[in-house]
Amino acid sequence: MKEENEIIRQIVLDTETTGMNQFGAHYEGHCIIEIGAVELINRKYTGRKLHLYVKPDRPIDPEAIKVHGITDEMLADKPDFAAIAQEFIDFIKDAELLIHNAPFDVGFMDYEFRKHHIDIKTADICTITDTLQMARRQYPGKRNNLDALCDRLHIDNSKRTLHGALLDAEILGDVYLAMTGGQVSLFAEQETETPVPQAEEIREELTPVKISSEGLIALPLTEEESAAHAEYLSLINKKSKDNCIWIKRLSPDANKTVH
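- An unreviewed UniProt entry lists the protein under the name DNA polymerase III subunit epsilon, with Exercitatus varius as the source organism.
- Regarding the protein, the UniProt comment filed under Subunit (unreviewed entry) reads as follows: "DNA polymerase III contains a core (composed of alpha, epsilon and theta chains) that associates with a tau subunit. This core dimerizes to form the POLIII' complex. PolIII' associates with the gamma complex (composed of gamma, delta, delta', psi and chi chains) and with the beta chain to form the complete DNA polymerase III complex."
- UniProt lists a comment for the protein under the heading Catalytic activity (unreviewed entry), and it reads "DNA(n) + a 2'-deoxyribonucleoside 5'-triphosphate = DNA(n+1) + diphosphate".

Brief notes about the side chain of N144
Here's step 1: Looking at the element boundaries, N144 is found in the loop between α5 (131-138) and α6 (146-153).
Here's step 2: You can call N144 buried: its relative accessible area is 7%.
Here's step 3: Side chain to side chain, N144 and R152 meet in a polar contact 2.9 Å long.
Here's step 4: Beyond its immediate chain neighbours, meaning those up to four positions away, N144 contacts H100, L132, A135, R136, Y139, L149 and R152.

Looking at helix α3 (residues 102-115)
Here's step 1: Counted at 1.5 Å a residue, the expected span for α3 with its 14 residues is 20 Å, and the 20 Å between its end C-alpha atoms agrees.
Here's step 2: Across the 14 residues that make up α3, a large majority, 11, are buried.
Here's step 3: Regarding α3, the residues found buried are A102, F104, D105, V106, G107, F108, M109, D110, Y111, E112 and F113.
Here's step 4: The secondary structure elements touched by the buried residues of α3 are β1 (9-17), β2 (32-41), α2 (81-92), β4 (96-99), α4 (122-125) and β5 (127-130).
Here's step 5: One or two steps after α3, the chain reaches H117, where phi turns positive at roughly 55°.

Observations regarding the packing of α5 against helix α7 (residues 165-179)
Helix-helix packing: each pair is described by the crossing angle between the helix axes and the interaxial distance.
Here's step 1: Relative to each other, α5 and α7 sit at 40°, their axes nearing to 11 Å. Classed by the angle they form, the pair α5 and α7 counts as oblique. Once α5 is placed against α7, the crossing between them reads as left-handed. Of the residues in α7, those touching α5 at T131, M134, A135 and Q138 are L172, Y176 and M179.
Here's step 2: Looking at the contact of α5 with α7 residue by residue, the classes come out as five nonpolar, two polar and no charged.

Overview of α5
Here's step 1: Turning to α5, its buried residues number three or more, namely T131, L132, M134 and A135. Down the axis of α5, the buried side of the element spans an arc of 160°, and every buried residue falls inside it.
Here's step 2: The elements touched by buried residues of α5 are β4, β5, α6 and α7.
Here's step 3: Capping the start of α5 is the job of one residue whose side-chain oxygen sits 3.0 Å from the backbone nitrogen of L132: D130.

Notes on the environment of A178
Here's step 1: Position of A178 relative to the elements: it lies in helix α7.
Here's step 2: Along the backbone, A178 and H154 are 24 residues apart, and their C-alpha atoms lie at a distance of 9.3 Å.

Regarding the packing of α6 against α7
Here's step 1: Between α6 and α7, whose axes approach to 10 Å, the crossing angle comes to 45°. Put simply, α6 runs oblique to α7. You can see that α6 and α7 cross each other, and the crossing is left-handed. Residues L146, L149, C150 and L153 of α6 form the contact with α7, whose participating residues are D168, I171, L172, V175, A178 and M179.

Describing the sheet that holds strand β3 (residues 44-53)
Here's step 1: A sheet is described by the order of its strands in space; here five strands give the open sequence β3-β2-β1-β4-β5, paired in mixed fashion. Each end of this open sheet is capped by a strand with a single partner; those strands are β3 and β5. When strand polarity is set aside, the average angle formed by the axes of neighbouring strands in this sheet is 25°.
Here's step 2: In terms of strand pairing, β4 meets β5 through four bridges, oriented parallel. Bridge assignment links L97 to a residue of β5, and that residue is I128.
Here's step 3: Helix-sheet contacts for α3 involve β1, β2, β4 and β5, and the interaxial angle to β1 is about 80°.

What about the nonpolar core?
Here's step 1: Core analysis: the biggest nonpolar cluster contains 26 residues, and F81, F88, I92 and M109 have the highest contact counts within it.
Here's step 2: If you tally residues by element for this core, the top one is α2, at seven residues.
Here's step 3: With residues near it in sequence (within four places) discarded, M109 still touches L13, I32, F88, I92, L97 and T122.
Here's step 4: Core analysis: the next-biggest nonpolar cluster, separate from the first, contains 21 residues, A135, L166, L172 and L177 among them.

What counts as what
Residues numbered from 1 in each chain as written. Predicted model: local features only at pLDDT ≥ 70, side-chain atom pairs only at ≥ 80, totals over all residues. Heavy atoms only, no water. UniProt positions renumbered as here; feature names shortened; annotations may be inferred. Helix = DSSP H or I, 4+ residues; strand = E, 2+ residues; numbered from the N terminus. Buried < 20%, exposed > 50% of the residue type's maximum accessible area, 1.4 Å probe, protein only. Polar contact = N/O pair within 3.5 Å; in protein donor to acceptor, adjacent residues only side chain to side chain. Contact = heavy atoms within 4.5 Å. Expected span 1.5 Å × (residues − 1). Axes fitted to C-alpha atoms, helices over the stretch in contact; angles between N-to-C directions. Parallel < 35°, antiparallel > 145°, perpendicular 65-115°, else oblique. Left-handed = near helix turned anticlockwise from the far one by under 90°. Nonpolar A, V, L, I, M, F, W, Y, C, P; charged D, E, K, R; others polar. Arc of directions from axis to C-beta. Pairing = 2+ DSSP bridges. Core = buried A, V, L, I, M, F, W, Y, C linked by side-chain atoms within 4.5 Å.

This is the structure in structure tokens:
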């Protein structure tokens, strides 16, 4: 339970890799080539992002390139994981990580830490929330990949022609906020409040009302509304063979069917 004034820091995270085997591709020597992360504090985007490209120590699989569009040539001048590891750790440390299919990304992260002799595991420095598992609980029996969730929750993913770590993290942030109660605001510093009208302003805009002898509030009708009401009552009276009690109550002489 959130305590008053408690700061909840969340990092929405996604990675792209040299291989796309969903069953432990990192154990086959595949590695991370792109990291995208977006910061939320108390359910608001702060504007802080981390976007890193990483030079792998093996070629990218052709099937993976079809998914994310990243080639070996694009990464030729990028740093390796060891060079960006501390920046990455500093950004995610002590946050709740929001990851879609978390075991896949966390498996790669932990593999990279081990491979580069960094003595930590992701779960030691972060809490981890798998948004895919959240979606499966919320929408059992339905497709719950990112595109399907965007369609279901009316989130614009038109820019997602290829997978990209930063774009996918940004989209996942919107999906998470929608699944858990809706987004509060885009940026905390841009949050604005709608002015609350003063009592005098409200009174000026109110339509005058009349209180009947029976204590009922009677709002004045326009001529068009009165005509439409009379026409509808006439139709009811015709269908009920002159037994519309509302016409009789309003006008004792109006209980005849209008043809």
